[in-house]
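Below are the chains, spelled out letter by letter.
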Amino acid sequence: MKIKNSIKWAGVASALLLASTAGAYEQIDVTNGGTISGKISFKGALPANPALVITKDKETCGTGVTADYYLGSGGGIQNVVVAIESIDKGKKFKKRAIIPFDNKKCMFVPHVVTAVKGQKLGINNSDPVLHNTHLYSGKKLKTMYNIALPLMNKVIKKPLRKLGPVVVKCDAHEWMLGYVYVSKHPYSTVTANNGSFSIGDVPAGNYKVKIWHEKLGEVSQDVTVAAGGTAKLNYSFSK
Amino acid sequence: MNKQKSFLQSLSVAVALTMVAGSSSGVIAAEKKAKAKTAPLAITVSPYKGRPKENAKNIAAGKRIYDNACIYCHGTTGKGDGPVAFYLSRDTAPRPRDLTSGIFKFRSTGSGELPMDEDIFRTITRGVKGYMPGFQGLSVSDRWKVVYYVKSFNPDFKGGEFETIKMVGGPVQSNGVSINKGYKVYQKFKCWECHGGGGLGNGKKAPDLKDDWGFPLPPRDLSRLSSFKNGTAPEDMYRTIMAGFDGGAMPSYADFFEGEEKNVWHLINYIRSLSE
Amino acid sequence: MLHYREDIKSTVVKFLAALFLLTAFAAVNVKDASAVPAFARKYEMSCNVCHTRQPRLNAYGQRFMENGYQLPGTADGGSKEKYLFGGETNGVTLDDISNFMALRLRADVQQGSLRSRSGAPTEMNVTEDPDIVFPRTVNIFFAGAAAKDISFFFEMEYDTQDPAESAVAFERSMLMFDNMFGAQNGTLKIGQFDPSSLYSFPTHRQMLNPVKPIAETNEFPPAIGRIPVLPLAFASKMFGLSTGARNAGTTASDPDTLKEGFAILPFEPYLFNAPVQKGVSLHGRIAGNKLLYQVGLVQNNTAETVSKTRWDTYAMLRYDWLGEFSNFQVSGFYYNAPKAAMPTLNMGGTLRYANSAVDWNRYGLAARWQAKSWDIYGTVIVDQIDEPDYSGKTAMMGGASTWEKNAMGISLEADYLLDDKWLLGVRYDQMSSGGLLRGNTGAANWDRDLAQDAAFLGLIAKYYPSPNIGLYARYHHNLKTSVKLPTVLGGDENPATNLTSMVTVGVDMAF
C-alpha cells in the first residue's frame with residue numbers, strides 16, 4: 001500500500017508540475033501600477049432580506065434573524081466580488097496566507113471573501129455548538145470539503161484548489177450561507193458597505209472585470225488601466 | 001373435515017410465525033458473523049492477486065461487465081439514473097451513486113477527495129448493506145476491470161491528488177476503560193448533536209439533514225451495527241470518522257484527531273458498545 | 001349458509017384482529033431493510049432493489065429471475081460465501097435455510113353481486129365468501145442457485161378453503177441450467193412453471209390475489225356460479241369446448257361411465273398464460289442485451305376420444321429498452337396446442353362431440369412501460385381454433401351448430417406508486433369471445449349466441465406498511481349490460497354478464 005502511494009505521488013507530482021506551467025499566473029514586481037476603483041450600486045431600494053428560519057440551537061443562533069444577502073448603504077451594495085477575469089502576470093501574493101472564515105452565532109463571518117487558488121481557508125468555530133462547514137465548488141456544486149468543527153476556536157486550514165465561487169454551507173444549520181470567490185491571481189476584492197472597492201498595483205492594460213453578487217448575478221465590464229492611473233469602474237445592478 | 005381444516009390452519013400460522021422468527025434470528029446470526037470478521041476486506045483472497053493492468057482493453061472489458069450488472073441502478077452513463085434507481089428509497093436518499101460526480105461516500109482519502117482504487121474495489125465486493133448487492137460472484141479480475149471503467153466516468157481520476165488517510169494504530173481491546181474514553185470523545189466532539197445521546201440517530205440536528213442531491217439523509221442509528229453501510233469492522237468505522245461521507249452530512253474529523261488517533265479507536269469501541 | 005349475513009360482522013372483526021396482530025408482529029421483526037424474503041436476506045438488500053411493489057418485478061428483478069436467481073451479469077451460484085465442498089470456483093453451496101426459503105400468506109374477503117341467482121342458494125350460487133380465514137392460501141418456496149448456473153425453484157401451495165381433495169399441491173417446481181451457451185444465453189428450464197414468466201404481462205405476479213371461479217366443470221355446459229376475476233386476455237375465451245370426449249351416448253350425470261373430460265372455462269387463464277404447465281423452455285439473449293428469446297414445449301393431453309400425449313410448442317421474443325429511471329419492453333409470442341380441445345354440445349342431456357379435436361393457436365403482444373412512479377402494462381391475446389367439424393352429423397347431433405373460430409382479449413393495467421406505501425391502480429379487461437354461438441341454428445330455442453363478450457373495469461388501492469406486506473382493496477365493475485343465455489340452456493343470465501361487480505379486500509404477505 002505504501003509503495004503504491006509513493007509511486008502515485010511521484011506520478012501526481014510530475015503531472016502537477018506539467019499542469020502548473022500551463023496558464024499559470026506569474027508573480028512579478030509591479031512598478032507604476034494602476035488602480036481600478038469605483039462603486040457598485042443598486043438602482044432603487046435594495047430588496048428586503050428574508051427572515052431566516054432558525055430551526056435549532058436557538059440559544060446560540062438566536063431567533064428573528066434576517067439574512068445577509070442584500071447589505072449596503074448610500075445606494076451601494078456590500079459583498080459584491082470585483083475581480084479581474086484573467087491576467088497572466090501581476091503583483092505578488094502570499095501563497096501561505098490563511099483567509100479567516102468563522103462560524104459565529106450560526107452565520108458565516110465574513111459572508112463573502114476572496115482568495116487566490118492555493119491559499120488556505122482558515123475555518124473556525126466561535127460557537128459552542130457543532131457546526132460542519134461544507135464547501136461546494138463547480139457548476140454542479142460538488143463537495144469540496146465537509147469538515148466537522150466540534151471544538152471552539154480551533155482553526156482548520158484547507159487549501160482552496162478550485163476556481164470560481166465556492167459555496168459554503170453548514171449541514172447542521174441549513175440557513176447558513178457564505179461564499180469564497182477563488183481566482184488564479186490576487187486582483188480580486190469585496191465591496192464595502194457603501195459599495196466602494198479598490199484594486200491596486202494593476203499592470204497597465206485592458207482587462208475584463210467580473211462583478212459578482214450572490215443573488216443579483218454576474219456581469220463583465222471592460223476596463224483600461226493606464227500606468228500609474230486610476231481606472232474608474234462603476235456599475236449599477238437593477239433587479 | 002372442519003377439525004382437519006382448523007388443524008392445518010393453525011399449523012400454517014405456526015409455520016408462518018416460525019419463519020418470521022427464523023428470519024429475525026438470521027439477522028442476529030448475520031450480525032455475529034459480521035463481528036467475527038474484522039478484516040477490512042471481507043473476502044477470502046487478496047485483492048491484488050489477479051489484479052489486471054489498467055489499460056484500454058481492460059476498461060472496455062469492465063464496460064461489458066458494467067453493462068450487464070450495473071446499469072440497472074447506476075445507469076448507462078453512470079449518473080445513477082438506471083431504470084431501477086427510482087425505487088431505492090423513492091423520495092429519500094440514498095439513490096444509486098452518480099459515478100460521474102466524483103463524490104464518493106466510502107473512501108480512505110480526505111474530505112472532498114476522490115476514492116482510491118481499493119475503495120471502489122471494496123464497495124463493489126461488499127456492496128452496500130440494504131441497497132447494493134456485493135459482487136463476490138464476479139472474479140477478482142472482473143471486479144478490477146469494473147473499477148477501471150468506473151474511474152473513466154470522471155476525468156478527475158486522471159492525475160488527481162490523493163490525500164489519503166493513514167490508518168494510525170489499530171483496534172484496541174474493547175474494555176470498560178476504552179469505552180469510557182470513547183464516551184468522553186463522543187461528548188466532547190459533539191457526535192450526539194446529530195447521532196443523539198444513545199446514538200439512536202435522533203440528535204437535535206438530525207431532522208433536516210440532507211445529502212448533496214437534496215434528499216433527506218438522517219444520521220445513522222449507531223445502535224444497529226449491522227446496518228452500517230461502510231462496514232462493521234473497526235477499520236471500516238475508522239475510515240468513516242476520519243474521511244467523512246462525501247455526498248452526505250457526515251463530515252470528516254481527521255483534523256481534530258490529528259496526533260490523537262488512539263482516541264478514534266476508543267470512540268469506535270464506545271460506538272460498538274452501543275449495539276450490545 | 002342462510003344465516004351467513006349475521007356472521008359476517010364477527011368474522012370481519014376476527015379477520016381484522018388476526019391481520020393486525022400478524023402485521024404488528026411482522027412489522028416489529030422487519031426493522032432492518034434486509035430482514036425480509038429469502039433473496040433479500042441472502043444479498044442483504046431491500047425489496048425495492050428487485051420489486052416495484054411486491055410481487056411485481058422491476059427490470060433488475062426480471063433479470064435476476066432470468067439469470068436463474070443469480071445476480072444479473074454474474075454467475076454467482078447464488079451464495080456469497082458458504083461453500084460445502086469444491087471451494088470457491090467449483091463449489092456446491094448451501095446457504096442458511098432462510099436464504100432460500102420463503103413463505104407467502106394470502107387471504108381475502110370477497111363480495112360479489114350477481115344479476116341472477118336462480119333456485120335455492122347452493123354452493124354454485126354463492127358469491128359472498130363469508131368465511132374469512134387467515135391465511136387462505138399458504139405458499140412455501142424454496143428457490144435459489146445451488147451451484148454456478150444451476151438453479152432451482154419449488155413451490156408448494158396449500159389452499160385452506162379448497163375441499164379436502166387438493167390439500168397441499170406442488171405448484172411451480174423447476175430446475176434451471178443457466179447460461180449454457182455463454183453469459184445470458186441458453187438457459188434451460190425443466191419442470192412445472194408458467195410459460196409466460198418472461199412475458200411483459202406475466203400470469204404470475206399480479207398485484208392481487210386471484211379470485212377463483214366457482215364452477216362445476218364436470219357438467220356440460222359447465223355450471224358457473226362465478227367467473228374468475230383474472231386478466232381476461234389470459235382466458236381461453238372459447239365457449240363450448242372441453243378437454244376430451246366421453247364415451248359416446250353417455251349422459252353427463254352418470255359418473256360410472258365418465259372418462260376424463262372437463263369443460264374448458266371461457267374465463268380461466270389458459271395455454272401460454274396458464275399458471276402452472278409441465279414442460280421445458282429455453283431462453284437467452286441475442287443481439288446484445290436488448291432482445292430476449294424463449295422457446296418451449298408444454299406437455300399435455302389431446303382432447304381426442306382416445307387421449308394421447310400432446311406437445312404444445314411456443315416461442316416468445318421480447319425487446320427491452322433501458323433508460324433514465326425507466327424501462328420499456330415489448331414482447332410477442334405464438335403458442336400452438338395441437339388437438340387441444342373438443343367441441344362439445346349438450347343436446348338434451350346427451351353430449352355430442354365434433355368429429356375431431358381442434359388445433360388451438362394463440363398469439364399475443366404485450367408491452368410494459370415503467371417510469372418512476374408509473375408502471376403501465378397491457379396485452380392483446382388472440383386465440384384461434386379450427387372450425388369444429390360436425391360434418392355428416394344431423395342437426396340433433398350438432399350438424400347445425402355455428403361456431404366462432406376467433407377470439408381476442410385485452411388486459412391493461414396502470415399502477416401509480418403514490419409514495420413509499422401506497423399504490424393505486426386501474427385495470428381494464430375485455431374479451432371478444434369465440435367458440436360455440438348456437439348449438440342448432442335452426443332451432444327456435446337457440447335464440448341467442450352462447451358466446452358473449454365480457455368487459456370489466458377494476459380499481460385498486462394497495463397499502464404496504466412494509467415492502468413485504470400488502471393490504472389491498474379492489475373493485476371490479478362489469479361494463480356489459482345484461483345478456484341472457486339461450487332459452488334452450490335455461491335462459492338465465494350469461495356468465496359473461498352475470499357478475500355485475502366484485503369487491504375484495506385482502507392481504508398478501510411474503511416472509
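Basis of the calculations
- Residues numbered from 1 in each chain as written.
- Chains lettered and ligands numbered in written order.
- Predicted model: local features only at pLDDT ≥ 70, side-chain atom pairs only at ≥ 80, totals over all residues.
- Heavy atoms only, no water.
- Pairing = 2+ DSSP bridges.
- Helix = DSSP H or I, 4+ residues; strand = E, 2+ residues; numbered from the N terminus.
- Axes fitted to C-alpha atoms, helices over the stretch in contact; angles between N-to-C directions.
- Parallel < 35°, antiparallel > 145°, perpendicular 65-115°, else oblique.
- Contact = heavy atoms within 4.5 Å.
- Nonpolar A, V, L, I, M, F, W, Y, C, P; charged D, E, K, R; others polar.
- Phe/Tyr/Trp six-rings, centres within 6.5 Å; stacked < 30°, edge-to-face > 60°.
- Buried < 20%, exposed > 50% of the residue type's maximum accessible area, 1.4 Å probe, protein only.
- Lys NZ or Arg CZ within 6 Å of the ring centre and 35° of its normal.
- Domains from an automatic or database assignment.
- Buried area = accessible area lost by both parts, 1.4 Å probe.
- Salt bridge = Lys/Arg side-chain N within 4 Å of Asp/Glu carboxyl O.
- Polar contact = N/O pair within 3.5 Å; in protein donor to acceptor, adjacent residues only side chain to side chain.
- 1 Å grid on protein atoms, 1.4 Å probe; cavity = no way out; pocket = protein on both sides within 12 Å on 5 of 7 lines; lining within 4 Å.
- Points joined across faces, edges and corners; volume = space filled by probe spheres on them.
- pLDDT = per-residue confidence, 0-100.
- Lys, Arg positive; Asp, Glu negative; His and termini not counted.

1. Some words on the sheet that holds strand S19 (residues 402-404) of chain C
All names here are of chain C.
Phase 1 of the analysis: Judged by pairing direction, the sheet is mixed, and its 3 strands sit side by side in the order S10-S22-S19 without closing on themselves. Either end of the sheet is taken by a strand with one partner, and the two such strands are strand S10 (238-239) and S19.
Phase 2 of the analysis: Here S10 pairs with strand S22 (residues 434-438) via 2 bridges, running parallel. Bridging across to S22, Met238 finds its partner in Gly434.

2. Thoughts on the sheet that holds strand S18 (residues 205-213) of chain A
Residues and elements named next belong to chain A.
Phase 1 of the analysis: Here 4 strands make up an open sheet; going across it, the order is S16-S5-S18-S19 and the pairing antiparallel. Two strands lie at the open edges of the sheet, namely strand S16 (188-190) and strand S19 (217-225), each paired on one side alone. Across the sheet, the axes of successive neighbouring strands diverge by a mean angle of 20°, strand direction being ignored.
Phase 2 of the analysis: Strand direction decides the pairing type here: strand S5 (residues 81-84) and S18, joined by 4 bridges, are antiparallel.

3. A look at the packing of helix H2 (residues 56-69) of chain B against helix H5 (residues 140-151) of chain B
Residue and element names in this part refer to chain B.
Phase 1 of the analysis: Relative orientation of the contacting elements H2 and H5 amounts to 100°, with a least axis distance of 7 Å. With respect to their mutual orientation, H2 and H5 come out roughly perpendicular. For the pair H2 and H5, contact is made by Asn58, Ile59, Ala61, Gly62, Lys63, Ile65 and Tyr66 and by Asp142, Lys145, Val146, Tyr148 and Tyr149, respectively.
Phase 2 of the analysis: A per-class count over the contact of H2 with H5 returns 7 nonpolar, 2 polar and 3 charged.

4. As for the packing of aromatic side chains
Phase 1 of the analysis: Summed over the entire model, instances satisfying the criterion amount to 40 aromatic pairs over all chains.
Phase 2 of the analysis: Taking the centre distance of 5.3 Å and the plane angle of 35° together, the rings of Phe101 of chain A and Phe108 of chain A count as tilted.
Phase 3 of the analysis: Relative to Tyr69 of chain C, the ring of Phe64 of chain C has its centre 6.1 Å away and its plane inclined at 70°; by these criteria the two rings are edge-to-face.
Phase 4 of the analysis: Assessed through its relative accessible area of 6%, Phe64 of chain C is described here as buried.
Phase 5 of the analysis: Tyr69 of chain C gets classed as buried once you look at its relative accessible area, which sits at 6%.
Phase 6 of the analysis: Three or more aromatic residues joined by ring pairs form one cluster here, namely Tyr43, Phe64, Tyr69, Phe141 and Phe153 of chain C.
Phase 7 of the analysis: Over the ring of Trp144 of chain B we find Arg51 of chain B, and its NZ or CZ is 3.8 Å from the ring centre.
Phase 8 of the analysis: Between the NZ or CZ atom of Arg56 of chain C and the centre of the ring of Tyr377 of chain C, over which it lies, the distance is 3.6 Å.

5. Description of the domain arrangement of chain B
Residues and elements named next belong to chain B.
Phase 1 of the analysis: For chain B, the assigned domains read domain 1 (2-158) and domain 2 (176-273).
Phase 2 of the analysis: Of all residues in domain 1, Lys105, Arg107 and Lys129 bury the most surface against domain 2, accounting for 23% of the area lost on that side.
Phase 3 of the analysis: Here Asp236 ties to Arg126 by a salt bridge, and the two come within 3.0 Å at their closest N and O atoms.
Phase 4 of the analysis: Here domain 1 and domain 2 share 7 residue pairs in polar contact (both at pLDDT 80 or more) between them.
Phase 5 of the analysis: Mapped by element, the contributors of at least two residues to the side of domain 1 that touches domain 2 are helix H1 (2-36) and helix H4 (117-126).

6. A word on the pairing of strand S11 (residues 131-137) of chain A
All names here are of chain A.
Phase 1 of the analysis: The element S11 is largely enclosed, with a buried count of 7 among its 7 residues.
Phase 2 of the analysis: The side-chain alternation of S11 yields two buried faces, one formed by His131, Thr133, Leu135 and Ser137 and the other by Asn132, His134 and Tyr136.
Phase 3 of the analysis: Examined bridge by bridge, S11 and strand S12 (residues 142-149) share 7 bridges and lie antiparallel to one another. When the sheet's bridge partners are listed, His131 is paired in S12 with Leu149.
Phase 4 of the analysis: Hairpin connection from S11 to S12: 4 residues lie between these consecutive antiparallel strands, with Gly138 at a positive phi of about 85°.
Phase 5 of the analysis: In the sheet, S11 pairs with strand S14 (residues 164-170) via 4 bridges, with the strands oriented antiparallel. Among the inter-strand pairings, His134 is bridged to a residue of S14, identified as Lys169.

7. Regarding empty space enclosed by the protein
Phase 1 of the analysis: For the coordinates displayed, the defined rule picks out 11 cavities of 30 Å³ or more.
Phase 2 of the analysis: In this structure, the largest cavity spans a volume of roughly 730 Å³.
Phase 3 of the analysis: Pro37, Phe39, His51, Leu57 and Arg205 of chain C are the residues nearest the centre of the largest cavity, which is lined by 41 residues in total.
Phase 4 of the analysis: If you list the elements that add at least two residues to the lining of the largest cavity, you get helix H2 (38-43), helix H3 (59-66), strand S3 (101-114), strand S4 (137-147), strand S6 (168-177) and strand S7 (187-193) of chain C.
Phase 5 of the analysis: In terms of residue class, the lining of the largest cavity is made up of 27 nonpolar, 8 polar and 6 charged.
Phase 6 of the analysis: Within this model, the second largest cavity holds a volume of roughly 590 Å³.
Phase 7 of the analysis: The wall of the second largest cavity is formed by 28 residues, among which His74, Arg97, Thr123, Val128 and Met132 of chain B lie closest to the centre.
Phase 8 of the analysis: Among the elements of the structure, H2, helix H3 (71-74), H4 and H5 of chain B are those that each provide at least two residues to the lining of the second largest cavity.
Phase 9 of the analysis: By residue number, the principal contributor to the lining of the second largest cavity is H4 of chain B, which donates 4 residues.
Phase 10 of the analysis: For the lining of the second largest cavity, the class distribution of residues is 21 nonpolar, 2 polar and 5 charged.

8. Considering the environment of Gly434 of chain C
Residues and elements named next belong to chain C.
Phase 1 of the analysis: Mapped onto the fold, Gly434 is located in strand S22.
Phase 2 of the analysis: The class for Gly434 is buried, based on a relative accessible area of 0%.
Phase 3 of the analysis: Residues Gly434 and Thr217, 217 residues apart in the sequence, show an inter-C-alpha distance of 18 Å.
Phase 4 of the analysis: In this view, Gly434 contacts Lys237, Met238, Phe239, Glu404, Asn406, Ala407 and Ala451; residues no more than four positions away in its chain are not counted.

9. Section: the environment of Asn346 of chain C
Residue and element names in this part refer to chain C.
Phase 1 of the analysis: Of note, Asn346 is situated in strand S15 (residues 326-347).
Phase 2 of the analysis: Through-space distance from the C-alpha of Asn346 to that of Met397 is 9.4 Å; in sequence the pair is 51 residues apart.
Phase 3 of the analysis: Residues within four places of Asn346 in sequence aside, it is in contact with Phe220, Pro221 and Leu351.
Phase 4 of the analysis: A distance of 2.4 Å separates a polar side-chain atom of Asn346 from the backbone oxygen of Phe220.

10. Observations concerning the interface of chain A and chain B
Phase 1 of the analysis: Taken together, the contacts link 35 residues of chain A with 37 residues of chain B.
Phase 2 of the analysis: When the buried surface of chain A facing chain B is broken down by residue, Leu130, Lys142 and Pro150 of chain A rank first, second and third, together holding 17% of it.
Phase 3 of the analysis: Across the pair Lys204 of chain B and Asp57 of chain A runs a salt bridge whose closest N-O atoms are separated by 2.3 Å.
Phase 4 of the analysis: Where chain A touches chain B, the interface holds 16 residue pairs in polar contact (both at pLDDT 80 or more).
Phase 5 of the analysis: Secondary structure elements with two or more residues in the side of chain A that touches chain B: helix H1 (2-21), S11, S12 and strand S13 (156-159) of chain A.
Phase 6 of the analysis: Counting residues per element, the side of chain A that touches chain B draws most heavily on S12 of chain A, at 8 residues.

11. Here we look at the confidence of the model for chain B
Phase 1 of the analysis: A residue-level look at chain B finds 82% of positions with pLDDT of 70 or above and a mean pLDDT of 80.
Phase 2 of the analysis: For residues 1-45 of chain B, every residue scores under 50 in pLDDT, and the model assigns this stretch 57 contacts once sequence neighbours within four places are set aside.

12. Examining the side chain of Glu261 of chain B
Phase 1 of the analysis: Along the chain, Glu261 of chain B turns up in helix H9 (residues 261-273).
Phase 2 of the analysis: For the buried residue Glu261 of chain B, which engages in no salt bridge, the nearest side chain bearing the opposite charge is Lys166 of chain B, 9.3 Å off.

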